[in-house]
Amino acid sequence: MMEAHAATLEAREAEANQLTAELETRNTEAFQMAAELDGLQSALGQATLERQESSRMHEASLKQNEETMAAEMELVEAAAKEEVRARRESMQAKKDLEIDELKAQLVAKDEKLQSLKIKTALETGKSVVPPGMKLDKDRKVLAVTR
């Protein structure tokens, strides 16, 4: 009986040793899985930080691009306004010059016409007095009264 009891104890001890070995194996696997999980969580945290940083940098880049475009648009608008102003001034100067030339031509033609009227009046002896002129006693043109 003792031998049977000793055999039973040995069998139980062997079973206990086998269960202990399985428990240690599972514990090792659990620690490995926990370590892998920690590594994955760390990688996920790092990827999240990198994504946030990338997103922040992208937003900053977009904002800078918007500011640059706004500044460029202001410059283009100012240049366009300046060009329009310069063209307007140039066109106005041309018109003013044309008007001055036409006025000078008109004055020259008017003076020529007045001269011809005076010459005709002197040659014909008629008292044709152009506007702005006076006659003397002999009915000859005396002076310009302009």
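Everything below is about the structure shown above.
What counts, and at which threshold
- Residues numbered from 1 in each chain as written.
- Predicted model: local features only at pLDDT ≥ 70, side-chain atom pairs only at ≥ 80, totals over all residues.
- Heavy atoms only, no water.
- Helix = DSSP H or I, 4+ residues; strand = E, 2+ residues; numbered from the N terminus.
- Buried < 20%, exposed > 50% of the residue type's maximum accessible area, 1.4 Å probe, protein only.
- Areas by Shrake-Rupley, 256 points an atom, 1.4 Å probe, with all protein chains shown as cover.
- Salt bridge = Lys/Arg side-chain N within 4 Å of Asp/Glu carboxyl O.
- Expected span 1.5 Å × (residues − 1).

(A) Structural context of the overall build of the chain. Each helix and strand counted, the chain has 1 helix and 2 strands in total. Each helix and strand of the chain, placed in order from N terminus to C terminus, yields the pattern α-β-β. Across the 146 residues in the chain, those meeting the buried criterion constitute 3%. Here the chain has roughly 13,200 Å² of accessible surface; of this, 58% comes from carbon and sulfur atoms.

(B) How the structure looks around the pattern of salt bridges. This structure, assessed with the given rule, holds 5 salt bridges. For glutamate 53, the salt bridge goes to arginine 56, with nearest N and O atoms at 2.6 Å. Taken together, the positions of glutamate 53 and arginine 56, both in helix α1 (residues 2-124) and 3 residues apart, correspond to about one turn of that helix. Several salt bridges share partner residues, and in doing so they unite Glu82, Arg85 and Glu89 into one network.

(C) Expanded view of α1. Look at α1: 177 Å from first C-alpha to last across 123 residues, which is about the 183 Å you get at 1.5 Å a residue. Those residues of α1 that fall on the buried side of the exposure criterion are Gln114, Ile118 and Ala121.

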